[in-house]
Amino acid sequence: MSAALEIHGLEAGYGRTPVLLGIDLVVKDGVTAILGPSGCGKTTLLRTVAGFVAPSAGTVSVAGSEVVSGRRSVPARLRGLGYVPQDGALFPHLDVAANIAFGLTAAERGGSYGRTDRVAEMLELVELPSALAQRYPHELSGGQQQRVALARALAPRPTLVLLDEPFSSLDASLREDTGRAVVRALRAAGAAALLVTHDQGEALSLADQVAVMMGGAFLQVAPPATVYLSPAEPRVASFLGHASLVDGYVEGDAEARCALGIVPLRMTCEPGAVRLAVRAEQIQIRPHSADRADGAPAEVVDISFYGHDATVRVRLDSGEQLSARTPATSVPTPGDRVRVGVVGDVVAFRDDAAPRP
Ligand SMILES: Nc1ncnc2c1ncn2[C@@H]1O[C@H](COP(=O)(O)OP(=O)(O)OP(=O)(O)O)[C@@H](O)[C@H]1O
């Protein structure tokens, strides 16, 4: 079976400014999240696949047919894609039923398999009551509008749906519920999806595959657990989960020495200088004591309190600054002297330029 989407060597930009610097991606099925910081080119990639931005090089195939190759480019409306923009962009003068039916063929709207049936089917798919069919967009909540936008995108049965930060305007709890409902609807419809987001939690919890993007290129494309637990390079580690990077030195092949003491490595590594990615949840803040076995001495710099937990930034006496995630019930105070330890194994990246500690 052909992949839902296949991209090779895709380059695109605006005027003389390049934005996409050679993108390769295969989406077989399920949801692929494009995750990256603001301005890295996520929307440009989506718009290039959709046919709204002309690439300067590369190929794009949707369900086995090439829609971009060299100078040949299939117009956006003939690419067989669904598109859900950031704000849903429903037609304000059309009711929900007419919005959903907008992309259907005349036969589907008026034939024996009538518009009403397909609209009802789509409302059920996105888990909205049929009573909403006659409402206008301004009579819906933000989450309902996004579900209608998805229903409109799925109605013509696309192989692939492109979603551009579709939940960014929703509040946190609605975002989670809507995100899960959207993924259920996509799976039920058998459509693959490309989901653009800068929200790590959204990417990791909703996607089957995460493409981490920075500066117009992918740094890693892999399942959520792989990009989080086995980042391909330091930038992926610091972006995903805000890992702190600590200079270290591998002596055996399974452990490294660093300012935090001797730490076990997740994967074996040749002896030499490394950068160690230590996740915030792996760093333990302990009360100050005279016992060096309790961890490296440090001072608390500042604290961000989130309710369920807190991020505590500490400066080790060796000068390195780290972020730790601690339970909300045991938050220290800025200026406190503490000891800092590491729980579990860490990922090492070779760093031949780093000094030996
Ligand atoms: N129409 C345009 N004309 C010129 N430059 C543009 C245009 N659209 C985007 N850019 C530039 O291209 C780069 C990538 O923008 P893009 O919108 O693809 O990033 P993004 O990763 O989606 O960002 P965000 O998460 O903030 O939406 C940015 O530097 C942006 O300023």
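Conventions we followed
- Residues numbered from 1 in each chain as written.
- Predicted model: local features only at pLDDT ≥ 70, side-chain atom pairs only at ≥ 80, totals over all residues.
- Helix = DSSP H or I, 4+ residues; strand = E, 2+ residues; numbered from the N terminus.
- Buried ≥ 20, exposed ≤ 12 C-beta atoms within 10 Å, placed from the backbone.
- Contact = placed C-beta atoms within 7 Å.
- Domains from an automatic or database assignment.
- Nonpolar A, V, L, I, M, F, W, Y, C, P; charged D, E, K, R; others polar.
- pLDDT = per-residue confidence, 0-100.
- Pairing = 2+ DSSP bridges.
- Axes fitted to C-alpha atoms, helices over the stretch in contact; angles between N-to-C directions.
- Near = placed C-beta within 6 Å.
- Core = buried A, V, L, I, M, F, W, Y, C linked by C-beta atoms within 7 Å.
- Expected span 1.5 Å × (residues − 1).
- Arc of directions from axis to C-beta.
- Parallel < 35°, antiparallel > 145°, perpendicular 65-115°, else oblique.
- Left-handed = near helix turned anticlockwise from the far one by under 90°.

Draft legend 1. Spatial organisation of the overall build of the protein chain. Looking only at helices and strands, the protein chain has nine helices and 21 strands in total. On the principal axes, the C-alpha backbone points of the protein chain span a range of 80 × 45 × 35 Å. Across the 357 residues of the protein chain, 40% fall into the buried class. Sequence-distant contacts, at least 24 apart, represent 65% of the contacts inside the protein chain between residues at least 6 apart.

Draft legend 2. A look at the domain arrangement of the protein chain. When its domains are assigned, the protein chain resolves into domain 1 (5-234) and domain 2 (242-350). Here the C-alpha centroids of domain 1 and domain 2 sit 39 Å apart. Residue-level contacts link four residues of domain 1 with five residues of domain 2. Class assignment of the residues belonging to the side of domain 1 that touches domain 2 gives a composition of two nonpolar, one polar and one charged.

Draft legend 3. How the structure looks around the confidence of the model for the protein chain. With 95% of its residues at a pLDDT of at least 70, the protein chain reaches an overall mean of 88. ipTM for the predicted complex: 0.97, alongside a pTM of 0.87.

Draft legend 4. Region of interest: the sheet that holds strand β16 (residues 283-287). Read across the open sheet, the five strands follow the order β16-β20-β17-β18-β19; overall the sheet is antiparallel. Since the sheet does not close on itself, it has two edges, and those belong to β16 and β19 (321-327), each with one partner. In this sheet, neighbouring strand axes are inclined to one another by 45° on average, regardless of whether the strands run parallel or antiparallel. The pairing of strand β17 (residues 296-305) with strand β20 (residues 337-342) spans four bridges and is classified as antiparallel. Looking at the pairing, Ala298 lines up with Val338 of β20.

Draft legend 5. Structural context of the environment of Ile34. Mapping Ile34 onto the fold places it in strand β3 (residues 31-35). Look at Ile34 and you get buried, because 28 C-beta atoms sit within 10 Å. Expressed as a C-alpha distance, the spacing of Ile34 and Val126, which sit 92 residues apart in the sequence, is 23 Å. Beyond its immediate chain neighbours, meaning those up to four positions away, Ile34 contacts Lys42, Leu45, Leu194, Leu195, Val196, Ala211 and Met213.

Draft legend 6. Geometry of the site of the ligand. Taken together, Tyr14, Val19, Gly36, Ser38, Gly39, Cys40, Gly41, Lys42, Thr43, Thr44 and His198 are the residues near the ligand. Looking at the shell around the ligand element by element, the count peaks at three residues for helix α1 (residues 42-50). Class assignment of the residues belonging to the shell around the ligand gives a composition of three nonpolar, seven polar and one charged.

Draft legend 7. Quick peek at unusual backbone geometry. The backbone phi angle of Glu127 is positive, close to 60°, even though this residue is not glycine. Position of Glu127 among the secondary structure elements: in the loop between α4 (115-125) and α5 (142-154). The backbone phi angle of Glu165 is positive, close to 40°, even though this residue is not glycine. Relative to the helices and strands, Glu165 resides in the loop between β8 (160-164) and α6 (172-189). For Glu165, a count of 19 C-beta atoms within 10 Å gives the class partly exposed.

Draft legend 8. Representation of the nonpolar core. Judged by nonpolar contacts, the single largest core of 101 residues is most densely connected at Leu160, Leu194 and Val212. Of the domains in this structure, domain 1 (5-234) and domain 2 (242-350) are the two that each give at least three residues to this core. In contact with Val212, other than residues within four places in its own chain, are Leu35, Gly36, Phe218, Leu219, Gln220, Val227, Val236, Phe239 and Leu240.

Draft legend 9. Geometry of α6. A rise of 1.5 Å per residue sets the reference length of α6, with its 18 residues, at 26 Å; its end C-alpha atoms lie 26 Å apart and thus fit the reference within 8%. Listed as buried for α6 are Arg175, Thr178, Gly179, Val182, Ala185, Leu186 and Ala189. The buried residues of α6 all sit within an arc of 130° when viewed along its axis, so they share a single face. One or two steps after α6, the chain reaches Gly190, where phi turns positive at roughly 70°.

Draft legend 10. Seen up close, the packing of α5 against α6. With their axes 10 Å apart at the nearest point, α5 and α6 run at an angle of 15° to one another. Taken together, the axes of α5 and α6 lie roughly parallel to each other. The element α5 and its partner α6 pack so that their crossing is right-handed. Of the residues in α6, those touching α5 at Gly142, Gly143, Gln146, Arg147, Leu150 and Leu154 are Leu174, Asp177, Thr178, Ala181, Val182, Ala185 and Ala189. Considering only residue class, the contact of α5 with α6 consists of seven nonpolar, four polar and two charged.

Draft legend 11. Structural detail: the pairing of strand β1 (residues 5-14). By the bridge criterion, five bridges tie β1 to strand β4 (residues 57-62) in an arrangement that is antiparallel. From the neighbouring strand, Ile7 faces β4, where its bridge partner is Val60. Relative to strand β2 (residues 17-27), β1 is paired through eight bridges, and the arrangement is antiparallel. Counterpart to Ala12 in the pairing with β2 is Leu20.

Draft legend 12. Examining the environment of Ala296 more closely. Relative to the helices and strands, Ala296 resides in strand β17. Between the C-alpha atoms of Ala296 and Val67, which are 229 residues apart in sequence, the distance is 57 Å. When neighbours within four sequence positions are excluded, Ala296 is seen to be in contact with Ala259, Leu260, Gly261, Leu316, Arg339 and Val340.

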